Amino acid sequence: MSNMKKAAAIILAALVAVTGTACSQVKPADTTTAAAKAESTSAETVKETEAVKEGTHIYVLTVPEDHGWTGSVATFAKEKIQEVNEKGTYTAELITSANAAEQIRNIEDIVSKGEKNIAMVIQPIDDTVQSAIQGVIDAGIPYVAFDRIIDGVSGKAVSNVKGDNSGIGAGAAAYFVSLGLTPGESIYVYEGDTSSVTTLRDEGFTKYLTGELEFGGEVIAADKKWSQDDLKSITYSGAMNWSRSDTKTSFESLLGDSKNAQIKWFYAEDDELAMGILEALSGGGIDEATKDTFLSGKPVITGCGGLDELYEVLRGKTYEDIASKCGGIMSVTYSPSMIQTAIEDMVDYLDGKQVTQDHVIACENVTSENVNEYPSF
C-alpha cells in the first residue's frame, strides 16, 4: 500500500471512531407525553399540599374563659380543640387575651416566629386588632374570623363566622309585633356597645318593622308596618358595654321619671342586659308605685344569647313574680358555641373542602313554650 493510501486509511479510521463516540453520547428520546408530565406534576403538587396541611397547628385566639357570653366562647373552644387533638390529623391550642392590646401582641408573636403549617381562628376583641390580622394575611397564614367581623380584612378570611346580628333585631321586633305592638308605640332599646354588632342589631330591628327584612321566612303584615316617622318613637340607651350592672343602673334611672313607666316594649341586645332589667325590677332602686305602674302595663322584654340565668326565668324557675306580670320575656339564640363552627370551618379548609366565606348562623326566638329545646350556657 502506498504512503498516500495508508494516510487515507488512517484518516478514515479516525473519522469512524469520532462518529461512533458522538453517536454513543446521544440520549434516548423522551417519550413522556405532555399530559403525563402535567399529571405527574399535579400529583406531586397535591402530595405536597396534603403534606403541608396535614399536621397543621391551629391557634385559636379568644377572650379569657371567665363569665358571660364572651367567656363562654373559650369554654366551647376548648371542647372543640380537644376533639381536634384527639383525631390527630391536626393539632390545636387556645390562647386567650384579656384585652385588644394583649391579643395584638399574641397574634404578632405567633407571626414573628415564622412557623410553617399553622392556621388561626380569631375572635377579635375590637377593631384595633385589624392591623395584627393584616400581618397574618401578609404572612400567608390562613385564618377564620369569629363573631366580630372586621370589614377591612374580612375578604381575605377563609371564613367569617357569626350569628345573624340583623336577625336578632328582626326576631325581637317580630316577637313584639306578635304580642300586639302597633306603629309608633314607644320602644326602648338597650344597646351593647359601639361596634358593628350593635349597628346590625339596631338595623335588623327597624328593618323588620318597616318591612325591609323578614324573620323566620315571613315579613311584617302590611297593616302593621312602621313608617320612618314611626321609628322616631324608638329610644336608644347608648353603649351599655354588655354590662348587666350598667343596664340595671340605667333602667333604675329611666324609671326614676314615673312617666317612663308607660313604656311597654324593651329590646335588650343581650341576655345580660335583659337580666339587668329584671334585677332592677326585683331590687329596691325603683319607687314601688312606679314599679307597680310599669308592671301593670304588661311590659315585654327581649334579650339574646342563651344565658342560662335568663333561660331559668323562661323555665319558670326564677323571678316568677315579675315574669308572671310581664306580657312576655324572650331570648333570641346567639350561642357562644358558634366558635366550634369556626374551628370546624378551618378544619374543613385544611381537609380541602369548600368553605363558605360569609358563614352566618341563623337565629331563633326562645320563649317559655320552647325553652327546653335549646341549650344554654
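Reading the values: the criteria
One numbering rule holds for all chains: residues counted from 1, following each sequence as written. Side-chain atom pairs in this predicted model are given and counted only at pLDDT of 80 or more, local residue features only at pLDDT of at least 70, and totals for whole chains, interfaces and linings cover all residues. To obtain the side-chain values, all non-hydrogen atoms of the structure were included, while hydrogens and water were left out. UniProt positions are given in the numbering used here, feature names are shortened, and annotations may be inferred rather than shown by experiment. A cavity, in this analysis, means grid points on a 1 Å lattice covering only the protein atoms where a 1.4 Å probe fits yet has no way out; a pocket is instead an open set bounded by protein on both sides within 12 Å along at least five of seven lines, and a residue lines either one if it has an atom within 4 Å of a point. Grid points are joined across faces, edges and corners, and a volume is the space filled by probe spheres set on the points. In this text, helices come from DSSP runs of H or I with a minimum length of four residues, and strands from runs of E with a minimum of two, each type numbered from the N-terminal end. Residues are grouped as follows: Ala, Val, Leu, Ile, Met, Phe, Trp, Tyr, Cys and Pro are nonpolar; Asp, Glu, Lys and Arg are charged; every other residue, Gly included, is polar. Values of pLDDT, ranging from 0 to 100, describe the predictor's confidence in every residue of the model. By the convention used here, residues are in contact when the closest approach between their heavy atoms is within 4.5 Å. Interaxial angle, 0 to 180 degrees, is taken between N-to-C directions of lines fitted to C-alpha atoms, where a helix line uses only the stretch in contact. What sets the label is the angle itself: under 35 degrees gives roughly parallel, over 145 gives roughly antiparallel, 65 to 115 gives roughly perpendicular, and the rest give oblique. The handedness criterion is simple: a crossing whose near helix is rotated anticlockwise from the far helix by less than a right angle is left-handed, and one whose near helix is rotated clockwise is right-handed. Note on classification: 1.4 Å probe, protein chains only; a residue is buried when its accessible area is under 20% of the maximum for its type, exposed when over 50%, partly exposed between these limits. Residues belong to a common nonpolar core when they are buried Ala, Val, Leu, Ile, Met, Phe, Trp, Tyr or Cys residues joined through side-chain atoms within 4.5 Å. Those domain boundaries reflect an automatic or database domain assignment. Only rings of Phe, Tyr and Trp enter the pairing, Trp through its six-membered ring, and a pair is recorded when the two centres are within 6.5 Å. The plane angle decides the type: under 30 degrees is stacked, over 60 is edge-to-face, the rest tilted.

As annotated in an unreviewed UniProt entry, the chain carries the name Sugar ABC transporter permease and is attributed to Lacrimispora celerecrescens. The chain has a UniProt comment under Subcellular location (unreviewed entry) that states "Cell envelope".

Chemist: Tell me about the layout of surface pockets, and name the residues and values.
Modeler: Estimates place the volume of the largest pocket at around 620 Å³. Taken together, 25 residues form the lining of the largest pocket, with Val 63, Trp 69, Thr 70, Asn 241 and Trp 242 sitting closest to its centre. If you list the elements that add at least two residues to the lining of the largest pocket, you get helix H3 (68–87) and helix H8 (196–209). For the lining of the largest pocket, the element with the most residues is H3, which contributes 3 residues. Looking at side-chain class alone, the lining of the largest pocket contains 10 nonpolar, 7 polar and 8 charged residues.

Chemist: So what about the confidence of the model for the chain? Which residues, and what values?
Modeler: Summing up the model confidence of the chain, the mean pLDDT is 88 and the portion of residues at 70 or higher is 86%. Mean pLDDT across the secondary structure elements of the chain bottoms out at helix H1 (residues 3–24), with 38, and peaks at strand E8 (residues 265–268), with 99. Segment residues 1–52: pLDDT under 50, and 5 contacts once partners within four positions in sequence are set aside and those in other chains are kept.

Chemist: Describe the packing of helix H9 (residues 244–254) against helix H10 (residues 271–282), with residues and values.
Modeler: Orientation of H9 relative to H10, taken along the N-to-C sense of each, is 50 degrees, at an axis distance of 7 Å. In terms of orientation, H9 and H10 fall into the oblique class. Seen from above, H9 lies across H10 with right-handed handedness. Between H9 and H10, the residues in contact are Arg 244, Thr 247, Lys 248, Phe 251 and Glu 252 and Glu 272, Leu 273, Met 275, Gly 276, Ile 277, Glu 279, Ala 280 and Leu 281, respectively. The residue inventory of the contact of H9 with H10, partitioned by class, reads 6 nonpolar, 2 polar and 5 charged.

Chemist: Can you break down unusual backbone geometry residue by residue, with the values?
Modeler: Phi is mostly negative for residues that are not glycine, and the peptide bonds are mostly trans. Residues other than glycine seldom take positive phi values, yet Asn 117 does so here, at roughly 55 degrees. By the secondary structure assignment, Asn 117 is in the loop between helix H4 (100–112) and strand E3 (118–122). Even without being a glycine, Asp 147 presents a positive backbone phi close to 70 degrees. On the secondary structure map, Asp 147 appears in the loop between strand E4 (143–146) and helix H6 (151–154). Using a relative accessible area of 13% as the deciding quantity, one classes Asp 147 as buried.

Chemist: Would you mind going over the nonpolar core in detail, with residue names and values included?
Modeler: Among the nonpolar cores identified, the biggest contains 84 residues, and Ile 58, Ile 187, Tyr 190, Leu 209, Phe 251 and Phe 266 are the most heavily contacted of them. Formed jointly, this core draws a minimum of three residues from each of two domains, domain 1 (57–163 + 337–361) and domain 2 (165–335 + 367–373). Beyond its immediate chain neighbours, meaning those up to four positions away, Ile 187 contacts Phe 176, Leu 181, Phe 205, Leu 209, Trp 226, Ser 233, Ile 234, Thr 235 and Trp 265. Formed by 24 residues, the second largest nonpolar core is a distinct cluster that contains Leu 61, Ile 107, Ile 110 and Ile 125.

Chemist: Lay out the packing of aromatic side chains with the relevant residues and their values.
Modeler: This model, assessed by the stated rule, comprises 10 aromatic pairs. Both rings, one in Phe 176 and one in Phe 205, keep their centres 6.0 Å apart while their planes meet at 85 degrees; by these two values the pair is edge-to-face. A residue pair is termed long-range when its members are at least 10 positions apart, and Phe 176 in helix H7 (residues 165–178) and Phe 205 in helix H8 qualify at 29 residues. According to the relative accessible area criterion, Phe 176 is buried, its value standing at 0%. For Phe 205, a relative accessible area of 1% corresponds to the buried category. Seen from their ring centres, Phe 251 and Phe 266 are 5.4 Å apart, and the 70 degrees between their planes marks the pair as edge-to-face. Of this pair, Phe 251 sits in helix H9 while Phe 266 sits in strand E8, and the two are 15 residues apart along the sequence. The pair Phe 251 / Phe 266 is uniform in exposure class, with both members buried.

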